[in-house]
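What follows is the residue order along each chain.
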Amino acid sequence: MKKCSLALSILVISALLISCNNSSNRNSSSTDTTKKKDNVQRDTAAISAVANTSETGDDDELESILGNLGLVKDSCEDRFIVHRKLSNATGLSVWVITKLASDEDGSEKYDGYVLLVNDSNKQIVNKYFGKSLWVSDAISLEGIEIDSIAYKVQNNSFAFGVCARGAGHSKPNPYEGVEMSLFMPEGDSLRKILGDYPIYKYNGEWDMKCAGEYTANTKTFVVSSNMTNGFYDIL
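So, how was this worked out
- Residues numbered from 1 in each chain as written.
- Predicted model: local features only at pLDDT ≥ 70, side-chain atom pairs only at ≥ 80, totals over all residues.
- Heavy atoms only, no water.
- Phe/Tyr/Trp six-rings, centres within 6.5 Å; stacked < 30°, edge-to-face > 60°.
- Helix = DSSP H or I, 4+ residues; strand = E, 2+ residues; numbered from the N terminus.
- Buried < 20%, exposed > 50% of the residue type's maximum accessible area, 1.4 Å probe, protein only.
- Pairing = 2+ DSSP bridges.
- Salt bridge = Lys/Arg side-chain N within 4 Å of Asp/Glu carboxyl O.
- Patch = residues over 30% accessible without salt bridge, like charges linked within 9 Å, V, L, I, M, F, W, Y side chains within 5 Å.
- Areas by Shrake-Rupley, 256 points an atom, 1.4 Å probe, with all protein chains shown as cover.
- Lys, Arg positive; Asp, Glu negative; His and termini not counted.
- Charge placed at Lys NZ, Arg CZ, Asp CG, Glu CD.
- pLDDT = per-residue confidence, 0-100.
- Contact = heavy atoms within 4.5 Å.

(A) Geometry of the packing of aromatic side chains. Within this structure, the stated rule accounts for 5 aromatic pairs. Relative to F129, the ring of Y113 has its centre 4.8 Å away and its plane inclined at 50°; by these criteria the two rings are tilted. Taken together, the positions of Y113 in strand 4 (residues 107-118) and F129 in strand 5 (residues 124-136) put the pair 16 residues apart, joining distant regions of the chain. We classify F129 as partly exposed; its relative accessible area is 39%. Note on Y202 and Y214: the rings are 6.1 Å apart at their centroids and 10° apart in plane angle, and the pair reads as stacked. Remark: Y214 occurs in strand 11 (residues 212-219) and Y202 occurs in strand 10 (residues 189-206); sequence separation between them is 12 residues. Among the residues examined, Y214 registers a relative accessible area of 1% and is labelled buried. The rings of Y128, F160 and F183 are connected pair by pair, giving a single aromatic cluster.

Below you can see the structure in the form of structure tokens.
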């Protein structure tokens, strides 16, 4: 079989630190060019930056939460229901409940509930609802994951991240990406303080034969000790 050469350039930009990336890859920068045979093998560690960070809940817990929202499970999108305990916020878990709002002309729109839930009594402590929060079209929605870190954004406030993973399906122009939104508790609600920030992007172009070039960009979160307008700066 004839060998084909493909250039894969990995550019890691240290801009913001997010636990959706594996901790072993934080604060790192690297550039690598690799020759491949016949097919393009993506940087799977980078593509899976937010993979395996979320858990599915047991049915009783889920039913309790859905009941509090006035929803039934059949009306929700099972594959996009995830939850995860916050690693440094004792007794709280983040839940994301997703519901298909519309499916027209190849575009699926999903309403999303982002919740902070008390682990002891399973009661919703804080809630955010987004109408058509995620859209799946030419770039399809492949997964929802939750950041496991509660970031200190103010002296007495924290925020956490919810990541949406999307992919294009063009063979000559492949694409995969991850976007993150940050939510901060405010009263009994959640305030979205950062929306759809791209933390990972993989794209490229090839001639469907041998030659092609691909680039992966990963961004990480770093929270500074300096403050602006009452919030810690994000570098």
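(B) Quick peek at the pairing of strand 11. Covered by surrounding structure in strand 11 are G212, Y214, A216 and T218 only, the residues E213, T215, N217 and K219 on the alternate face being uncovered. With 7 bridges connecting them, strand 10 and strand 11 associate as antiparallel partners. Following the sheet pairing, G204 is matched in strand 11 by Y214. Hairpin remark: strand 10 followed by strand 11, antiparallel, with 5 residues in the connecting loop; positive phi at M208, about 70°.

(C) Broad picture of the pattern of salt bridges. The final tally for this structure, using the stated rule, is 7 salt bridges. Note that K85 is salt-bridged to D119, the shortest N-O span being 3.5 Å. One end of the pair, K85, is in strand 2 (residues 82-85); the other, D119, is in the loop between strand 4 and strand 5, and 34 residues separate them in sequence. Residue K85 is classed as partly exposed on the basis of its relative accessible area, which comes to 48%. Under the relative-accessibility criterion, D119 is labelled buried at 16%. The salt bridge involving R191 is made with E186; its shortest N-O contact spans 3.4 Å. Residue classification places E186 among the partly exposed residues on the basis of a relative accessible area of 43%.

(D) How the structure looks around a negative patch on the surface. Taken together, the side chains of D58, D60, E63, D74 and D78 make up a negatively charged region of the molecular surface. Relative to the assigned elements, D58 resides in the loop between helix 1 (44-47) and helix 2 (59-69).

(E) Quick peek at the confidence of the model for the protein. For the protein, the mean per-residue pLDDT works out to 78, and 76% of the residues sit at or above 70. Predicted confidence for residues 1-53 stays below pLDDT 50, and this span has 126 contacts to residues more than four positions away or in other chains.

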